[in-house]
Amino acid sequence: MTGGSGERRLPDAMLDEYAVECEEHLTAARDSLARIEHESDQAVRAKLLEEVFRGYHSIKGLSAMVELHDGERLAHALEECLRGVRQGQPLTTAILQSLNAGTSQLEALIAAFHRNAPLPSIEAALSQLPDASASSRAVTDGSEKTGSTATPEPPATSWLVTFVPSPSLIERGIKVDVVRGRLSQIGRILGATPQVNSDGAVAFEFRIAGVADAAAFDEAWREDGMTWTPAPLDETTTAETRPSGADSGGVAHPGSGVLAPAHVVRVDLPRLDALMQRVADLVITRARLDDVITRVERYVPVADWRALREHEQTLERYLRDLREDVMRIRMVRVDEIFRRMPFIVRDLARDSGKEVTLEMSGQRTEIDKFLVDRLMEPLLHLVRNAVSHGIEPPASRRAAGKLLQGTIRLGAATVGDMVSLTIEDDGAGIDVAAIRQRAVAMGLPDPGEGLTDEQVLDLIAHPGLSTRDEADRASGRGVGMAAVRAAVHELGGRLRLKSEPGRGTSFSLELPVTLTITGALIAAIGPETFAVPQGAVREVVEIEAAAIRQMERHELVVYRGRALPLLRLDAFFGVPRSERSRLHAFVVGSGEDAIALVVDRIVGHREVVVRTLTDPLVKTAGISGATELGDGRLILILDVLALSRHARGRSPAVAAPFQSPAASRRALA
């Protein structure tokens, strides 16, 4: 395998591990480079530079191991560029930009190699780096070959010593502590890290300093499972420069005599998905058990039935704890998305000639990994739009009496079972007149004046509508916002807009923390039974049928001193209406957006396993998914957002019903 070929001779597991390791180093490098730009403390800058340098050095070694020679060359060139800065060369903006560009290219190269796709060229990235050609030639010519035991010029004073334990060595008393003791007698141990070789064997890598040459190592040590390689001191992580806990697998604690165990185990996401599916199966099975216990109550002696119920409740508690534990494992910080944004903003601002700063908050907010992967593109688009459409050029901001530097704020927060992501800018706001004019030009009905933010969002999210005549790097031609809202909607979330002329625009995404297992309220509508996601319901109210008022083809009821629109779900889905004097309703939304979804009665509360509807032949207006009850019945989950939009007259020509709920269930069965 060569750097210019997608050919593979290595196991997929090893290549997966390589990609994960490199991603960790690249992420740390990007974060440190972003901090360096705004850091004035020289000591902190030096520490950050050291972290970036170590990351490139590690990637160089990993790339050599898997024979990705272009990755080795580019990582070495980046390393050499930083070496000059460490030796006193000024860290200019141009060098920082070259490092960022090289890091992005290195990431693209590794990603292509991991996918076994054609490898992109690195020559453009190399040409931007100072002394890159000499650096890459040094690697190509083999001047830094791994595994050489010859004494380097000038002589190395630090070494990498690798110890591979085996049953025979352990029987002879050659253990990690013994090796540590030997190394302590000939030099100073800087650190120690456990490694896993490609064949699965565990090895221990010690970094030691103060050894003049290879003569200090007794050749008998080879028989004791040790090998040694010279490592220049300036490329070795020292105790003074290594932050606490920076070892990838374990840290050598002075005087402890043993290596601290690793506390992180990498697990492929498909394995977590499979584990969550097993938990979902258990949730359904427990619900069935509960239904059976209820039905046999009258046939079982009271004492036996109570014991059976106690065991069933204990099982429910353990299952709930198991579900929460699995969910915690799947949760990751939204920082996985946020940390890419500073580079996007900086590059777009530079290309457009704007001055933009990005402020981020709530990076520690956690969300299901499934959602993180699917929110990356929508958030990237919204951030690009904030730079391209939101922030004005410096001249326009000066004329408006604003600071020349625009600000974009990216935030995240958790509220109950929902997570809120916000992208806000202090730009010019949305030109509603231009949006309206373009909508009419496209043949859409004239929305009139005095549009609400929700109506403006409906327009800008209409496929094909754009206020620009040409596409640019930052934004497309009108398909972007439609795709963003569709992606958020498919995840069971809601996209909101708030814009103020001259002050700025804010987009907020409200999504469930997880989509797999959720609490739901079970409701009956005529002969049909539905589930309503509990997180979407603000309140459950009882309504007197006589209190319902008719106004312009809409039904209203007085709720907390204001008129609350009603949507009768029996009419929407075309099921027989029961003439009840008292009805129940789920209040969803807030403020002016609040509506009440009217049902006949509420059956109870259940934890349900969500099955998303993706087949267009099965999809029904107002339905987001399906679930199974304990008695084996398949019931449908209401799409509260779609129902709310229909009730406010903002859904595109909804005719109820598109398809009966019974037809959807039959298609799913």
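Note that the structure is a prediction, hence the values are computed from the model and not measured.

Cut-offs applied
Residues numbered from 1 in each chain as written. Predicted model: local features only at pLDDT ≥ 70, side-chain atom pairs only at ≥ 80, totals over all residues. Heavy atoms only, no water. Axes fitted to C-alpha atoms, helices over the stretch in contact; angles between N-to-C directions. Helix = DSSP H or I, 4+ residues; strand = E, 2+ residues; numbered from the N terminus. Parallel < 35°, antiparallel > 145°, perpendicular 65-115°, else oblique. Left-handed = near helix turned anticlockwise from the far one by under 90°. Contact = heavy atoms within 4.5 Å. Nonpolar A, V, L, I, M, F, W, Y, C, P; charged D, E, K, R; others polar. Expected span 1.5 Å × (residues − 1). Buried < 20%, exposed > 50% of the residue type's maximum accessible area, 1.4 Å probe, protein only. Pairing = 2+ DSSP bridges. Phe/Tyr/Trp six-rings, centres within 6.5 Å; stacked < 30°, edge-to-face > 60°. Lys NZ or Arg CZ within 6 Å of the ring centre and 35° of its normal. Salt bridge = Lys/Arg side-chain N within 4 Å of Asp/Glu carboxyl O.

S.K.: Honestly, the packing of helix H3 (residues 69-86) against helix H4 (residues 93-115) in this entry has me stumped. Any pointers?
M.R.: The description of two helices packed together rests on the angle between their axes and the distance between the axes. The interhelical angle for the contact between H3 and H4, taken along N-to-C directions, is 160°, at an axis separation of 10 Å. In terms of axis orientation, H3 runs roughly antiparallel to H4. In this structure, H3 crosses over H4, and the sense of that crossing is left-handed. On the side of H3, the interface is formed by Asp70, Gly71, Leu74, Ala75, Leu78, Cys81, Leu82 and Val85, while H4 contributes Ile95, Leu99, Gly102, Thr103, Gln105, Leu106 and Leu109. Across the contact of H3 with H4, the residue classes tally to ten nonpolar, four polar and one charged.

S.K.: Mind showing me how you'd approach helix H11 (residues 302-330) here?
M.R.: An α-helical turn contains 3.6 residues, so any two residues separated by three or four positions project in the same direction. Between the first and last C-alpha of H11 there are 42 Å, a value that for 29 residues agrees with the 42 Å anticipated at 1.5 Å per step. What H11 keeps buried is the set Trp305, Arg309, Glu312, Leu319, Arg323, Val326, Met327 and Arg330. On its buried face, H11 is in contact with helix H10 (269-295), strand E5 (331-333), strand E7 (366-368), helix H14 (369-390), strand E12 (517-525) and strand E20 (601-609).

S.K.: Quick question: what am I supposed to make of the sheet that holds strand E11 (residues 504-512) here?
M.R.: Whether parallel or antiparallel, the strands of a sheet pair through hydrogen bonds between backbone atoms. Taken in spatial order, the five strands of this open sheet run E6-E8-E9-E11-E10, and their pairing is mixed. Every interior strand has two partners, whereas the edge strands, strand E6 (355-361) and strand E10 (494-500), have only one. The mean angle between the axes of side-by-side strands here comes to 15°, regardless of whether they run parallel or antiparallel. Note that strand E9 (residues 418-425) and E11 share eight bridges and pair antiparallel. Bridging across to E11, Val419 finds its partner in Leu511.

S.K.: Would you take a moment to explain the environment of Gly589 for this structure?
M.R.: Within the element layout of this structure, Gly589 appears in the loop between strand E18 (582-588) and strand E19 (595-599). Here Gly589 is in contact with Arg494, Arg538 and Ala594, once residues within four sequence places are set aside.

S.K.: So what exactly am I meant to see when it comes to the side chain of Arg568 here?
M.R.: The topology assignment puts Arg568 in strand E17 (residues 562-568). Residue classification places Arg568 among the buried positions, given a relative accessible area of 15%. Setting aside chain neighbours within four positions, we find Arg568 in contact with Ile548, Glu555, Arg577, Leu583 and Val598.

S.K.: Is there a simple way to explain the sheet that holds strand E15 (residues 549-551) in this structure?
M.R.: If you walk across this open sheet you meet the six strands as E14-E18-E19-E17-E16-E15, and the pairing is mixed. Either end of the sheet is taken by a strand with one partner, and the two such strands are strand E14 (537-544) and E15. Between one strand axis and the next, the sheet turns by 40° as a mean value, whatever way the strands run. Across five bridges, the pairing between strand E16 (residues 554-559) and E17 is antiparallel. Bridge pairing links Val558 to Ala563 in E17. Against the sheet, helix H20 (residues 640-647) makes contact with E16, E17, E18 and E19, and its axis sits at roughly 110° relative to E19, the strand it touches most.

S.K.: Even after reading the chapter, I still don't get the packing of aromatic side chains, so can you show me in this structure?
M.R.: Inspection of every chain in the model, using the stated rule, returns three aromatic pairs. Residues Tyr18 and Phe113 carry aromatic rings whose centres are separated by 5.9 Å and whose planes lie at 85° to one another, so their mutual orientation is edge-to-face. One end of the pair, Tyr18, is in helix H1 (residues 12-38); the other, Phe113, is in helix H4, and 95 residues separate them in sequence. Here Tyr18 falls in the buried class, since its relative accessible area comes to 1%. Here the aromatic rings of Phe530 and Phe573 are separated by 5.1 Å at their centres, their planes lie at 20°, and the arrangement is stacked. Of the two residues, Phe530 sits in strand E13 (residues 528-533) while Phe573 sits in helix H19 (residues 569-573), which places them 43 residues apart along the sequence. Ring pairs connect the aromatic residues Phe530, Phe572 and Phe573, which therefore count as one cluster. When the ring centre of Tyr318 is taken as origin, the NZ or CZ atom of Arg317, which lies over that ring, is 5.5 Å away.

S.K.: What should I look at first to understand the pattern of salt bridges in this one?
M.R.: Between side chains of opposite charge, a pair can form as their charged atoms come close. Inspection of the entire model under this criterion finds 31 salt bridges. Linking Lys60 and Glu79 is a salt bridge whose minimum nitrogen-to-oxygen distance equals 2.7 Å. Taken as a pair, Lys60 in helix H2 (residues 42-65) and Glu79 in helix H3 lie far apart in primary sequence, 19 residues in all. Notably, a salt bridge pairs Arg503 with Glu500, separated by 3.8 Å at the nearest N-O pair. Owing to a relative accessible area of 43%, Glu500 belongs among the partly exposed residues under this scheme. Through salt bridges with shared partners, one network takes in Glu23, Arg30, Glu107 and Arg340.

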